[in-house]
Amino acid sequence: MTSTVQEYGIFIGGKWQKSEGKRFETRNPATGEILGTFPLATKDELNEAARAAKDAFDKWRRTPAPRRGELLLDAARIFRRKKEELGRIVTTEMGKVLAEGRGDVQEVIDFFEYVAGEGRRMFGETVPSELPNKMCLTVRMPVGPVGLITPWNFPMAIPGWKSGAALVAGCPIVLKPSSLTPLCAAKFVEVLDEAGFPPGVVNMLTGTGSVVGDGLVAHPDIRAISFTGGVETGRHVYETAARKMIKVGLELGGKNPIIAMDDADLELLMDGVMFGAFGTAGQRCTATSRLIVHQKIYDQVLDELTDRAEKLRVGNPIDERTEMGPVASAEQERKVLEYIEIGRKEADTLLTGGTKLRGGAFDKGFFIAPTVFAVERRKRLALEEIFGPVLSVLKAKDFEDAVAIANSVKYGLSSSIYTDDLRWAFRAMHELEAGITYVNAPTIGAEVQLPFGGIKETGPTGTREAGPTALDEFTYWKTIYVDYSGRLQRAQIDTDRLVRE
Ligand code: UN1
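No experiment lies behind these values; they were computed from the predicted model shown. (Residues numbered from 1 in each chain as written. Predicted model: local features only at pLDDT ≥ 70, side-chain atom pairs only at ≥ 80, totals over all residues. Heavy atoms only, no water.)

**Thoughts on the overall build of the protein chain**
Within the protein chain, the regular secondary structure consists of 14 helices and 19 strands. For the protein chain, the C-alpha radius of gyration of 24 Å lies close to 23 Å, the compact-globule estimate for 501 residues. The burial tally for the protein chain puts 57% of its 501 residues in the buried class. Restricting the contact set of the protein chain to residue pairs at least 6 apart, pairs at least 24 apart contribute 73%. Total accessible area on the protein chain is roughly 21,500 Å²; 52% of this is exposed by carbon and sulfur atoms. Taken together, the 64 basic and 69 acidic charged side chains of the protein chain have centroids lying 5 Å from each other. (Helix = DSSP H or I, 4+ residues; strand = E, 2+ residues; numbered from the N terminus. Rg over C-alpha atoms; globule rule 2.2 N^0.38 Å. Buried < 20%, exposed > 50% of the residue type's maximum accessible area, 1.4 Å probe, protein only. Contact = heavy atoms within 4.5 Å. Areas by Shrake-Rupley, 256 points an atom, 1.4 Å probe, with all protein chains shown as cover. Lys, Arg positive; Asp, Glu negative; His and termini not counted. Charge placed at Lys NZ, Arg CZ, Asp CG, Glu CD.)

**With respect to the pattern of salt bridges**
For the structure on display, the rule yields 37 salt bridges. Its salt-bridge partner being Glu190, residue Lys187 comes within 3.6 Å of it at the nearest N-O pair. Taken as a pair, Lys187 and Glu190 lie in helix α6 (residues 182–195) at a separation of 3 residues, close to a single helical turn. On the basis of relative accessible area, Lys187 is assigned to the buried category, the value being 15%. Taking the relative accessible area as the measure of exposure, Glu190 reaches 26% and is therefore partly exposed. (Salt bridge = Lys/Arg side-chain N within 4 Å of Asp/Glu carboxyl O.)

**Some thoughts on the sheet that holds strand β16 (residues 390–396)**
Hydrogen bonds between backbone groups are what pair the strands of a sheet, and the pairing can be parallel or antiparallel. Across the sheet, 7 strands lie side by side as β14-β15-β16-β13-β12-β17-β18; this open sheet has mixed pairing. Each having just a single partner strand, β14 (349–352) and β18 (436–439) make up the two edges of the open sheet. Strand after strand, the sheet turns through a mean of 25 degrees between neighbouring axes, direction not considered. Where helix α14 (residues 422–431) meets the sheet, its contacts fall on β17 (414–418) and β18, and the angle it forms with β18 comes to roughly 170 degrees. (Pairing = 2+ DSSP bridges. Axes fitted to C-alpha atoms, helices over the stretch in contact; angles between N-to-C directions.)

**A closer look at the sheet that holds strand β19 (residues 475–483)**
In space, the 3 strands of this open sheet follow the order β5-β6-β19, with antiparallel pairing throughout. Pairing within the sheet leaves two strands with one partner each, and these edge strands are β5 (126–128) and β19. Pairwise comparison of adjacent strand axes, ignoring direction, gives a mean angle of 25 degrees for this sheet. Bridge count between strand β6 (residues 134–142) and β19: 9 bridges; the pairing is antiparallel. Counted as the bridge partner of Thr138 is Thr479 from β19.

**So, a negative patch on the surface**
Taken together, the side chains of Asp265, Glu267, Asp299, Asp303, Glu304 and Asp420 make up a negatively charged region of the molecular surface. The biggest single contributor to the negative patch is helix α10 (residues 298–311), with 3 residues. Its place among the elements puts Asp299 in helix α10. (Patch = residues over 30% accessible without salt bridge, like charges linked within 9 Å, V, L, I, M, F, W, Y side chains within 5 Å.)

**Some points on the nonpolar core**
One finds Phe79, Phe111, Phe112 and Phe197 to be the most contacted residues of the largest nonpolar core, which totals 70 residues. Counting 56 residues, the second largest nonpolar core, distinct from the first, contains Met274, Leu312, Phe367 and Val403. (Core = buried A, V, L, I, M, F, W, Y, C linked by side-chain atoms within 4.5 Å.)

**Description of α6**
Between the first and last C-alpha of α6 there are 20 Å, a value that for 14 residues agrees with the 20 Å anticipated at 1.5 Å per step. α6 sits mainly inside the fold: 11 of its 14 residues count as buried. Within the span of α6, buried status applies to Pro182, Leu183, Cys184, Ala185, Ala186, Lys187, Phe188, Val189, Val191, Leu192 and Ala195. Gly196 sits one or two residues past α6 and shows a positive phi near 100 degrees. (Expected span 1.5 Å × (residues − 1).)

**Observations regarding the site of the ligand**
Around the ligand there are 13 residues in total, and Arg284, Cys285, Thr286, Gly445 and Ala446 lie nearest to it. Glu107 places a polar side-chain atom, nitrogen or oxygen, 3.0 Å from a nitrogen atom of the ligand. Between Gly445 and the ligand, the recorded distance is 3.0 Å, taken from a backbone N or O atom to an oxygen atom. Bound to the protein, the ligand loses 99% of the 320 Å² it would expose on its own. Looking at the shell around the ligand residue by residue, the class counts come to 7 nonpolar, 3 polar and 3 charged. (Near = heavy atom within 4 Å. Polar contact = N/O pair within 3.5 Å; in protein donor to acceptor, adjacent residues only side chain to side chain. Nonpolar A, V, L, I, M, F, W, Y, C, P; charged D, E, K, R; others polar.)

**So, the side chain of Thr306**
With respect to the element layout, Thr306 can be found in helix α10. A distance of 2.6 Å separates a polar atom in the side chain of Thr306 from the backbone oxygen of Leu302. Once residues within four sequence positions are removed from consideration, Thr306 is found in contact with Leu351 and Thr352.

**Some details on helix α3 (residues 83–94)**
Here α3 contains 12 residues, and its C-alpha end-to-end distance of 16 Å stays within 8% of the 16 Å for a straight helix at 1.5 Å per residue. Of all the positions in α3, only Leu86, Gly87, Ile89, Val90, Thr91, Thr92, Glu93 and Met94 are classed as buried. For α3, the secondary structure elements touched by its buried residues are β3 (23–27), β4 (34–39), α2 (65–81), α4 (98–118) and α6. Backbone geometry just downstream of α3 places Gly95 in the positive-phi region, at approximately 100 degrees.

**Observations regarding the environment of Leu46**
Looking at the secondary structure, you find Leu46 in helix α1 (residues 43–62). Judged by its relative accessible area of 1%, Leu46 falls in the buried class. Residues Leu46 and Leu216, 170 residues apart in the sequence, show an inter-C-alpha distance of 7.3 Å.

**With respect to unusual backbone geometry**
The phi torsion at Met245 lies on the positive side, around 60 degrees, for a residue other than glycine. Checked against the element boundaries, Met245 lands in the loop between α8 (231–244) and β11 (247–251). Met245 gets classed as exposed once you look at its relative accessible area, which sits at 68%. The phi angle at Gln492 is positive, at roughly 70 degrees, despite the residue not being glycine. Relative to the helices and strands, Gln492 resides in the segment after β19. Residue classification places Gln492 among the exposed residues on the basis of a relative accessible area of 64%.

Next up, the structure:
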């Protein structure tokens, strides 16, 4: 029996359409099974989607924000109903373990519920005027149609963050998902469609970075871009957006450290490091990719870590017992193995792992053993983002040295310290160069009601997704002055201090 592979289209103006473009496949990274085929949308289709978003803008911006929020709440309810089905799709297409696949969907539910409430807040300010019978206020205005370019590692959650904020703000969206996870994107858009967003408010195009991604950033009708991905692509997006003089939100990866002080609770530390480093097979922007250990506990930590990493159950992520799945693609596998090779060449000490897993079911997928290297501070494994199950352990003399190592990279997304000493904890909160600092918890696992983003090359434009700050990417501030005095009043000139009549 031949099973037919489902063909998906692009979503423009409220309709699924066939595309003129060639097609590509999406596969399960654990088994190689083909999950569907998707179009490489063409330049014309991109223009059509941008046009649909532009045409929808006027009505959508005039739809009261609480109503826009209600549609997100409706979508959240559908996500809740379909959570198991969608979680399994995340796991099947992207390779994270099932608990995390469900978590990916949960993050959409959480954020949609949260940001729907922004529809009823979206506070501005009222500010006193220096003149009598005059009022001043600020309101948020939507920037216009926006382009959302999303990665494969959170194939529901990140489209959820970006679209939830854009939609409640009043911006129609054109979503361009990663070509590794188009099925998740299609399922995501199906939910928004079912929730009943008006035609043109939600659009989705699969395709190449050069046609769809670049095309979106450069398109004159697209008024802001929100991008999550690698630094080099981010730089290119930033430059193109700058030439067009539009807003751009960038979230570009990390080399996130956990500092382990000599008073750290070791059991707690090990649980945190294992989850932070090998959760999602290390493929989170927030993944713990450096463990910076106080010299006094260094040897003990290395021993424990090696032991724990060797016990981790790697396998098909759809099996509930699996603790770590494959990496997401052949390309990812190649990149991670390349870094392992660099570690070997640079004479870093390989403590465990360092190989592609082979034999039986492993041969069908992209499985890499949980890998731990002891690394010196100036080595490439200590500085560069790997985005895979590879942890670099570094030795620090004391707290100051640990912070210096932590801050020595070009990234600044997440960070963490394990200690029971308040002085170290509070100093770390202030001194770690990162958008997020955890105390006695790993670098992953941000919650949606708080700002998420980084500094340095992780977040050069200073935007923050999630939390109340999510709206900043998609709105600008309008300042309004209302003079009800009935005469011309001149700021800075009519300086009489008292009202006399
Ligand atoms: C990412 O990897 O880009 O904090 C996002 C976390 C998740 C989000 C990660 N909630 O680990």
